[in-house]
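Listed here are the chains, written in short residue letters.
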Amino acid sequence: MKYPGITDLKMAEGLIFERSHAGRQAYSLPEENLEGVLDAIPANMRRTAVLPLPEVSEGDVVRHYTILSTYNFSIDHGFYPLGSCTMKYNPKINEEIARISSFSQLHPEMPTHLSQGALKVMYDMQNMLSEIGGFAATTLNPAAGAHGEYVGIGVIRKYFDEKGDTKRTKVIIPDSAHGTNPASTTLHGYDVILLESDEHGKISLDTLREKLDDTVAGIMLTNPNTLGVFESDILEITKMVHEAGALVYGDGANMNALLGKARPGDMGIDVMHYNLHKTFSTPHGGGGPGSGPVGVVEKLIPYLPNPFVAKKDDDTFVFAASDRSMGMVRSFYGNFAVILRAYVYILEYGNQHLKEIAENAVLNANYIKAALKDTYHVAYESDTLHEVVFNDQDMPNHVTTLDIAKALIDRGFHPPTIYFPLIVHGALMVEPTETESKETMDAFIDAMKDIRKQAEVNPENILNAPLKTRVARPDETLAARKPVLTHCTTDFCER
Amino acid sequence: MRYLPITPEDRKAMLDKIGVASVEELFNSIPADVKLTKKLNLPDAMSEPELRRYFAALAKENSGSEMLTFLGAGAYRHTSPAHIDQLLLRSEFYTAYTPYQPEVSQGTLQSIFEFQTMVADLFDMHASNASMYDGATAAAEAALMATKIKKKRDKLVIASSMHPQYIETIRTYTAHFVKEIVLLEIDPKTGMTSTDELAKIDEQTIAVMFQYPNFFGVIEDGKAISEKTKEMKALLIPVVIETTALAILQAPGELGADIAVGEGQPLGIPVNFGGPGVGLFTASEKLVRKMPGRLIGETKDKNGNDCFVLTLAAREQHIKREKATSNICSNQGLMALAAGIYLASMGPKGLEKVALMNVRRAEKLKKMLVEQTNCEIAFSGPTYNEFSLMTPIKASEFAKKMEEKGIVAGLPIDKYYPALDNTLLVTVSELHTDEELENFVSATKEITGGAK
Amino acid sequence: MTKFPENLKYAKSHEWVQKLDDRFRVGVSTFAAGSMGDVTFVELPEVEDDVDAEDSPCVIETVKSSEDIINPITGTVAAINGELEDTPETVNSDCYGDGWLYEVKGTDASEYDALMTPEEYTKYVASLED
């Protein structure tokens, strides 16, 4: 099997400011007389600072950004097995529909009777996500997964506050969790109690029992966890937590493994966020926008953030609010255009095919695991679902996880997630997703085997990788010691 | 399914390699009790032509988007050059993840570095981060950041003229970190924060936050607020939602801002029924390391070539966990790219022209309404592209009658301020033609009668 | 076996403390400075801050980590090493000299007495390295 490899035909491109030439413009606005208009603004309120934006033609702008785009690796280029990020193919029909102008140009303050189409999208998504996760209701407000965590823990806090149960000041979080979990928790004034994973990378019932008491508000768990391992004691875990009077938060980052196969709500999870930009294929945009809807059980509905969409008796849709809500967590209603893309995606799979997503994702991950387990050390022996964590244990010639990642780039693949979860030393977390073919994975497997071999016979090739990219490994220490976060655009450079 | 390439033959070969008989066996770690045995209650699958038909019909239900509208109030319609969306559709940009591997992410890294530069320039601040979710969460995170800097103080001061959703979001985020939030009321004549109210800023004040132009469309006197804030050694945090205004209005840096935040949606991004836009977050030099969110920095690669990386990550959740400056991970990267392309395309002259076109239309519409109709301008303070109109009948009733004439006239403010039930927030932009402004006026005249 | 300066005492979290005339100087040991990687930034307390033992008034950052300094001596911050703002790498290169962090005017002498002697710390580090 031949892996894709890379060759490089790339234009050199400096900063946009270097293309600037006074007198050029990339805008087209009507000619009109604007003399004296500024008089309406009192002189002491006017801008005096220079505005050193570039002056470029439309052609300049288009070339600049087109060239920059060629410096990126993307899912549309090739295999992007970033564990826990679910980099699946982003369907093009979703983009087309999100750009229908009566959605994209619809103003959020438009009276509801003039925006029923958008409200129906939101209403349906609230219900469909609730059905998929097994929850009683879902809010679409959160803009990303971490924002969803913030909302979910906020709902828990509001629930206990309203009950007057103020002694619950702690949230238990496994050591394998995403960093966002503890960070979101402390934003609600909770203390984090770390839960050590057991020798199988799972939650130990005994350890959990020791930490549970009436000062615990909840546990935040990811299932399947960040090792791709399903917490098979989940029913005992949620029962134990509930018996202690606490609630269970589920991090839905790994929901791709469960779609149509099982529902967190049926396992005793009380609150969970979805990542529409992972599980439901909305593009990650080089960092965002995402969307992190939160599903909850019946008793937590009143505390969800405002507003939400309700259906009236006459089958029209309106915005509604709860006076027991945790409050607002952003402007307007959510990342609507992202929610719309995910809606298209769910409708395309429909009730007949949704579970094929999880089935293929799990099949693909287990195939890679089976093919590479004799070449790379598998961190935990447990059965895994949609992702598998290897590490750099036993690599020859001091080759590390970072080197393996960089060597994959030279072979035409995006590296997996590295050095996460923290409980695995030198972790390489591979999540292929369901949209990859056997040929692609075979090529990746060959590349990984080749790297292992080269590490032995020609380690320099690996230790200096990537060798074929436009830039080599950056000096991150220099970047952090003397941070240069903006380009100096003025002659004086006051900043 | 067109997105699933594994064929039955592939599956057979893969299962053999794994050593199991069926895909179902791979799910054995899930307890049988919770495995779904029935299909989910979801609609039937749709093919592409069916999807197109379905959404074309649904889109028609958004009839308001085809009408002449004067809505603003936190989301602003502006002209966006066609090339912006075309560039956003470069899948190298939109189907990439966060740039964790800098060698294969220089496109994202450089374009966001340029975005950081242009936003910092627009705000006249030292540095900008790589974006927040939206203006409201940027404001809330700014307040949280301020509490960590002024640890010994316990009171947050906010001008009540800030967008109510922003105030609510700040309240939610700071609930466990400030003792009280004190609002500065407006002078009912000018619509600006009353100078008497500035006395509420004191030695316990962590930070003073205000929006300009404010929710009522009025430009606040930032200098007056700044002076009192500095005197009390509190942090000054201006919030700008209608960011095109910064082409002609005093920038936060000129006012002496410590942190300044805003909404980047007006910079070439469609209103998208409220999202995604992009939160802007800037800070002064000494506060850079306290900022939330991703930061992109310039550095050298090991061969000495200039390049860009995510930097100062030691602040962030994946390293600092419960002690992180914020929990943010995903941001609004693609929308930051859009705002960056917009700023590069407009340049200083284009942005200034947009701003002046907005002012001209607002002034013209105000003048015509005062001269030709039975309405008044609610506040005497200066405005940018948005103003509060006093209608002789209830504003919501007025808006309904305007709708019948095909015009969405603005936002009846009683949605947020029940007492102001005869006030309508009217917003114009460079998209409005003079003829459309005249239509607004003649329709108003028919509803409310001519000038008194 | 690593040698540690004789004139200092040590905490389990790898801070060293030097007794000066009327105050205590705090830094990190070679063990900590060596294991944390290239220091990129040091967040120092402010002079006159009150600090309790077990507080973390100072943070040392590297590219991939953020290490809290656990304050060993209760008191008031009397001085900080402002040079580290421009040259944080001194913590790596000269952790007992120019890479010191801050000084505290202590109130409780027993806290200093309770710290490990160089011999005790040497044994402690050896036990960690096993």
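About the thresholds
- Residues numbered from 1 in each chain as written.
- Chains lettered and ligands numbered in written order.
- Predicted model: local features only at pLDDT ≥ 70, side-chain atom pairs only at ≥ 80, totals over all residues.
- Heavy atoms only, no water.
- Contact = heavy atoms within 4.5 Å.
- Buried area = accessible area lost by both parts, 1.4 Å probe.
- Salt bridge = Lys/Arg side-chain N within 4 Å of Asp/Glu carboxyl O.
- Polar contact = N/O pair within 3.5 Å; in protein donor to acceptor, adjacent residues only side chain to side chain.
- Nonpolar A, V, L, I, M, F, W, Y, C, P; charged D, E, K, R; others polar.
- Buried < 20%, exposed > 50% of the residue type's maximum accessible area, 1.4 Å probe, protein only.
- Helix = DSSP H or I, 4+ residues; strand = E, 2+ residues; numbered from the N terminus.
- Arc of directions from axis to C-beta.
- Core = buried A, V, L, I, M, F, W, Y, C linked by side-chain atoms within 4.5 Å.
- Axes fitted to C-alpha atoms, helices over the stretch in contact; angles between N-to-C directions.
- Parallel < 35°, antiparallel > 145°, perpendicular 65-115°, else oblique.
- Left-handed = near helix turned anticlockwise from the far one by under 90°.
- Phe/Tyr/Trp six-rings, centres within 6.5 Å; stacked < 30°, edge-to-face > 60°.
- Expected span 1.5 Å × (residues − 1).
- Domains from an automatic or database assignment.
- Pairing = 2+ DSSP bridges.
- Patch = residues over 30% accessible without salt bridge, like charges linked within 9 Å, V, L, I, M, F, W, Y side chains within 5 Å.
- Areas by Shrake-Rupley, 256 points an atom, 1.4 Å probe, with all protein chains shown as cover.
- Lys, Arg positive; Asp, Glu negative; His and termini not counted.
- Charge placed at Lys NZ, Arg CZ, Asp CG, Glu CD.

## Some words on the interface of chain A and chain C
At step 1: In this complex, chain A contributes 5 residues to the contact, which on the side of chain C involves 9 residues.
At step 2: Note on chain A versus chain C: buried area summed over both sides is about 560 Å², and carbon and sulfur give 46% of it.
At step 3: For the chain A face of the interface with chain C, the top three residues by lost area are Glu-476, Thr-477 and Arg-481 of chain A, together amounting to 75%.
At step 4: Connecting chain A to chain C are 2 salt bridges.
At step 5: Glu-476 of chain A is the salt-bridge partner of Lys-64 of chain C, the closest N and O atoms lying 3.4 Å from each other.
At step 6: The tally of links between chain A and chain C comes to 3 residue pairs in polar contact (both at pLDDT 80 or more).
At step 7: In the side of chain A that touches chain C, the residues fall into 1 nonpolar, 1 polar and 3 charged.

## A short note on helix H8 (residues 234–243) of chain A
All names here are of chain A.
At step 1: For H8, the full list of buried residues reads Ile-234, Ile-237, Thr-238, Met-240 and Val-241. Within H8, the buried residues cover an arc of 160° as seen down the axis, which keeps them to one side. Turned more than 90 degrees away from the buried face of H8, the exposed residues are Lys-239 and Glu-243.
At step 2: Residues of H8 that are buried in the fold lie against helix H7 (205–211), strand E4 (216–222) and strand E5 (247–252).
At step 3: Following H8 by one or two positions, Gly-245 has its phi on the positive side, about 85°.

## Topic: the nonpolar core
At step 1: Among the nonpolar cores identified, the biggest contains 286 residues, and Tyr-65, Met-125, Leu-208 and Phe-280 of chain A together with Phe-55 and Met-209 of chain B are the most heavily contacted of them.
At step 2: Broken down by element, the residue count for this core peaks at 21 residues, all from helix H9 (residues 336–372) of chain A.
At step 3: In contact with Met-125 of chain A, not counting residues within four places along its chain, are Leu-140, Leu-276, Ile-339, Ala-342, Tyr-343 and Ile-346 of chain A.
At step 4: Counting residues in hydrophobic clusters, the runner-up holds 24 residues, among them Val-26, Ala-33, Met-36 and Ile-73 of chain C.

## With respect to the packing of H9 of chain A against helix H1 (residues 8–18) of chain B
At step 1: At a minimum axis distance of 9 Å, the contact between H9 of chain A and H1 of chain B shows a crossing angle of 50°. The pairing of H9 of chain A with H1 of chain B is recorded here as oblique in orientation. In the crossing of H9 of chain A with H1 of chain B, the sense of the turn from one axis to the other is left-handed. Every residue of H1 of chain B that contacts H9 of chain A at Asn-360, Leu-363, Asn-364, Asn-366, Tyr-367, Ala-370 and Ala-371 of chain A is listed here: Arg-11, Met-14, Leu-15, Lys-17 and Ile-18 of chain B.

## Considering the packing of aromatic side chains
All names here are of chain A.
At step 1: Overall, the coordinates contain 37 aromatic pairs over all chains when judged by the stated rule.
At step 2: Judged by centre distance (6.2 Å) and plane angle (90°), the rings of Phe-79 and Phe-413 are edge-to-face. Here the residue Phe-79 occupies a position in the loop between helix H1 (58–69) and helix H2 (92–98), and Phe-413 occupies one in the loop between helix H10 (401–410) and strand E12 (417–418), the gap between them amounting to 334 residues. As far as the burial class goes, Phe-79 and Phe-413 line up, both buried.
At step 3: Seen from their ring centres, Phe-319 and Tyr-333 are 4.0 Å apart, and the 20° between their planes marks the pair as stacked. Of this pair, Phe-319 sits in strand E9 (residues 317–320) while Tyr-333 sits in the loop between E9 and H9, and the two are 14 residues apart along the sequence.
At step 4: Relative accessible area serves as the criterion here: at 24%, Phe-319 is assigned to the partly exposed category.
At step 5: Overall, the relative accessible area of 5% leaves Tyr-333 in the buried class.

## Topic: helix H5 (residues 145–163) of chain A
Residue and element names in this part refer to chain A.
At step 1: Between the first and last C-alpha of H5 there are 27 Å, a value that for 19 residues agrees with the 27 Å anticipated at 1.5 Å per step.
At step 2: The element H5 is largely enclosed, with a buried count of 14 among its 19 residues.
At step 3: One or two residues past the end of H5 sits Gly-164, with phi positive at roughly 80°.

## As for the domain arrangement of chain A
Residue and element names in this part refer to chain A.
At step 1: With domains assigned, chain A is organised as domain 1 (94–348) and domain 2 (356–479).
At step 2: In this structure, domain 1 and domain 2 have C-alpha centres spaced 30 Å apart.
At step 3: Counting from both sides, the interface comprises 23 residues of domain 1 and, opposite them, 20 residues of domain 2.
At step 4: For the pairing of domain 1 and domain 2, the buried interface totals around 1600 Å² over both sides, and the portion due to carbon and sulfur atoms is 63%.
At step 5: Between domain 1 and domain 2 we count 1 salt bridge in total.
At step 6: Residues Glu-359 and Lys-261 are paired through a salt bridge, measuring 2.8 Å at the closest nitrogen-oxygen approach.
At step 7: Counting every contact that joins domain 1 to domain 2 gives 6 residue pairs in polar contact (both at pLDDT 80 or more).
At step 8: Split into classes, the residues belonging to the side of domain 1 that touches domain 2 amount to 9 nonpolar, 10 polar and 4 charged.

## Observations concerning the interface of chain A and chain B
At step 1: Taken together, the contact between chain A and chain B spans 199 residues of the former and 184 residues of the latter.
At step 2: When chain A packs against chain B, close to 16800 Å² is buried across both sides, 63% of that on carbon and sulfur atoms.
At step 3: Where chain A packs against chain B, one counts 10 salt bridges.
At step 4: Taken together, the connections running from chain A to chain B amount to 94 residue pairs in polar contact (both at pLDDT 80 or more).
At step 5: Of all the elements, H9 of chain A adds the most residues to the side of chain A that touches chain B, at 26 residues.
At step 6: The residue inventory of the side of chain A that touches chain B, partitioned by class, reads 107 nonpolar, 57 polar and 35 charged.

## Here we look at the sheet that holds strand E1 (residues 9–10) of chain C
Two modes of strand pairing occur in sheets, parallel and antiparallel, and in both the strands are linked by backbone hydrogen bonds.
Residue and element names in this part refer to chain C.
At step 1: Ordered in space as E1-E2-E3-E9-E8-E5, the 6 strands form an open sheet in which the pairing is antiparallel. Every other strand in the sheet has two partners, leaving E1 and strand E5 (50–51) as the edge strands with one partner each.
At step 2: Where E5 lies against strand E8 (residues 75–80), 2 bridges are found, and the strand directions are antiparallel. For Val-51, the partnering residue across the bridge sits in E8 and is Gly-75.

## A short note on the sheet that holds E12 of chain A
All names here are of chain A.
At step 1: Strand order across the open sheet formed by 4 strands is E10-E11-E13-E12, with antiparallel pairing between neighbours. Across the chains shown, the open sheet's two edge strands, defined by having one partner strand only, are strand E10 (377–378) and E12.
At step 2: As judged from the 4 bridges shared by strand E11 (residues 388–391) and strand E13 (residues 427–430), these two strands associate in the antiparallel manner. Paired with Val-388 across the strands is Val-430, a residue of E13.

## A look at the pattern of salt bridges
At step 1: Scanning the model with the defined rule gives 60 salt bridges over all chains in all.
At step 2: The partner of Asp-306 of chain B in a salt bridge is Lys-300 of chain B, with the nearest N and O atoms 2.7 Å apart.
At step 3: Given a relative accessible area of 48%, Asp-306 of chain B falls into the partly exposed group.
At step 4: Under the relative-accessibility criterion, Lys-300 of chain B is labelled partly exposed at 37%.
At step 5: Within the structure, one salt-bridge network assembled from shared partners comprises Glu-32 of chain A together with Arg-360, Arg-361, Lys-364, Asp-434 and Glu-438 of chain B.

## Re a negative patch on the surface
At step 1: On the surface, Glu-83, Glu-85, Asp-86 and Asp-98 of chain C cluster together into a patch of negative charge.
At step 2: In this structure Glu-83 of chain C comes out as exposed when scored by relative accessible area, which is 59%.

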